[in-house]
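Here is what each chain is made of, one letter per residue.
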Amino acid sequence: MTDESRRVRDEDAFDVEAVAAWLKEHAGAFVDDLVGTPEVTQFPGGASNLTYQLRYPARDLILRRPPGGVKAKGAHDMGREYLIQDQLKPLFPYVATMVGHCTDDSVIGSDFYVMEKIDGVIPRRDLPFELPAQQVSQLCENALDVLIALHSVDVSAAPALAALGKGHGYVDRQISGWTTRFGNARTDDTGDWSDIIAWLEERKPGDVGQRMIHNDFRFDNMVLDADDPMRVVGVLDWEMATVGDPLMDLGGTLSYWVEPGDDEFFQMFRRQPTTTPGMWTRAQVVERYCDRMGFEMPPERWRFYEVFGLFRLAVIAQQIWYRYFHRQTTNEAYAVFGPAVGYLETRCRSLI
């Protein structure tokens, strides 16, 4: 299978020898496979946490660490991300096996965690293989079933997961929290979102439940079986996972879901293969999900979750744009995030 990792960007490099030495002391059952110093490459993206491959002769591992620069309070919490996956693994088989979490900043300048690599194919902007439309539709259904399985996890079986929940009021806390994050990340070119935020505040529903949610569930955070590409074998990037309202999770997922009929700018925004012939529309995903989960969902009710998902996406983009705007990162891939925030403002306003 294709290895998507590449040479580590200079600004994202770390002391490989120090990591290798730390692993030899803390990798537990994995330690016998970790001979010598690993070859390190970096995966594309990294707009949020940075992801690297540690290639040993006998085993490949994955290292996750925060980006440089000023970060939003509570973001990039490696210990939390590690704990969620470690506790969720027995209840949800699509999670990688954890190897270790380092809290000693002296090793590479930040904390980090290491996990076993899930072998398979990650679908990016386009599918890396040819599938007829019927099989693409089956892949879509299988992926949605994985999200439904996550939302059906009994979090009471893992007290550390149950402790993530703060009780009823998740929707309200999300609007308040993302509004605060947005204010903290404003730049000179940020538009006026006050009417959009007011619309969300006025129409916020009560929680429909307290479930395990991913909060960044997309095709490019999934691993597909290389021999059976319609089958999901892994789910990655648990940075924003928590216990909360599952419809808010679905709204976040569909904020990234670009359809063939969407406008030209949103097509440029696409990061996953949702325009492939056979992929479902956003409306089809909502209908299938709500039917399986038992939620009544007329279009007017769904509008709140759609607007919130786009608002939340705009805040994430603004946080990344803030780092680029203030030259905390020199990665030119982030130059498009400012215009993306402006586009999402227009898209939210058109919906409301």
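Only a predicted model underlies this, so the values are computations on that prediction, with no experimental measurement involved.

## Some remarks on the environment of serine 156
Step number 1: Position of serine 156 relative to the elements: it lies in the loop between α3 (133–151) and α4 (159–162).
Step number 2: A sequence separation of 73 residues divides serine 156 from leucine 83, and the C-alpha atoms of the two residues are 15 Å apart.
Step number 3: In this structure the side chain of serine 156 is engaged in a polar contact, spanning 2.4 Å, whose partner is the side chain of aspartate 154.

## Examining the pattern of salt bridges
Step number 1: Within the structure shown, the criterion is met by 26 salt bridges.
Step number 2: In this structure, the salt-bridge partner of aspartate 220 is arginine 218, at a minimum N-O distance of 2.7 Å. Across this residue pair, the class does not change: aspartate 220 and arginine 218 are buried.

## Points about the packing of helix α7 (residues 246–254) against helix α10 (residues 299–325)
Step number 1: One can describe the packing of α7 onto α10 by two numbers: an axis separation of 8 Å at closest approach and a directional angle of 60°. Comparing their axes, α10 and α7 come out oblique. Where α7 crosses over α10, the handedness of that crossing is right-handed. On α10, the residues that touch Leu247, Met248, Leu250, Gly251, Gly252 and Leu254 of α7 are Arg301, Trp302, Phe304, Tyr305, Phe308, Gly309 and Arg312.
Step number 2: Its residues assigned to classes, the contact of α7 with α10 shows 8 nonpolar, 3 polar and 2 charged.

## Here's the deal with the packing of α10 against helix α11 (residues 337–351)
Step number 1: Orientation of α10 relative to α11, taken along the N-to-C sense of each, is 165°, at an axis distance of 9 Å. The angle between α10 and α11 places the two elements in the roughly antiparallel class. Considering the relative orientation of α10 and α11, their crossing is left-handed. Between α10 and α11, the contacting residues are Arg303, Glu306, Val307, Leu310, Phe311, Leu313, Ala314, Ala317, Gln318, Ile320 and Trp321 on the first element and Phe337, Gly338, Val341, Leu344, Arg347, Cys348 and Leu351 on the second.

## Here we look at helix α9 (residues 282–293)
Three- or four-residue spacings in an α-helix give side chains the same orientation, since the helix completes a turn every 3.6 residues.
Step number 1: Between its first and last C-alpha atoms α9 spans 16 Å; for 12 residues at 1.5 Å apiece the expected length is 16 Å, and the two agree.
Step number 2: All buried positions along α9 are accounted for by Arg282, Val285, Val286, Tyr289, Cys290 and Met293. The arc enclosing the buried residues of α9, seen along the axis, measures out at 115°, which places them on a common side. Seen from the buried face of α9, the exposed residues on the opposite side, beyond 90 degrees, are Ala283, Glu287 and Asp291.
Step number 3: Buried positions along α9 lie against α3, β6 (211–213), α7, α8 (264–269), α10 and α11.
Step number 4: Among the residues trailing α9, glycine 294 stands out with phi positive, at a value near 80°.

## Observations regarding the nonpolar core
Step number 1: Counting residues in each nonpolar core, the largest one holds 82 residues, and the members touching the most others are Trp193, Met212 and Tyr289.
Step number 2: Of the residues forming this core, the biggest block, 15 residues, is contributed by α10.
Step number 3: Every residue in contact with tyrosine 289, bar those within four places of it in the chain, is listed here: Leu144, Leu147, Ile148, His151, Pro246, Leu247, Leu250 and Phe295.
Step number 4: Of all hydrophobic cores here, the second largest spans 22 residues; its members include Leu34, Leu50, Tyr52 and Leu63.

Conventions used here
- Residues numbered from 1 in each chain as written.
- Predicted model: local features only at pLDDT ≥ 70, side-chain atom pairs only at ≥ 80, totals over all residues.
- Heavy atoms only, no water.
- Helix = DSSP H or I, 4+ residues; strand = E, 2+ residues; numbered from the N terminus.
- Polar contact = N/O pair within 3.5 Å; in protein donor to acceptor, adjacent residues only side chain to side chain.
- Salt bridge = Lys/Arg side-chain N within 4 Å of Asp/Glu carboxyl O.
- Buried < 20%, exposed > 50% of the residue type's maximum accessible area, 1.4 Å probe, protein only.
- Axes fitted to C-alpha atoms, helices over the stretch in contact; angles between N-to-C directions.
- Parallel < 35°, antiparallel > 145°, perpendicular 65-115°, else oblique.
- Left-handed = near helix turned anticlockwise from the far one by under 90°.
- Contact = heavy atoms within 4.5 Å.
- Nonpolar A, V, L, I, M, F, W, Y, C, P; charged D, E, K, R; others polar.
- Expected span 1.5 Å × (residues − 1).
- Arc of directions from axis to C-beta.
- Core = buried A, V, L, I, M, F, W, Y, C linked by side-chain atoms within 4.5 Å.

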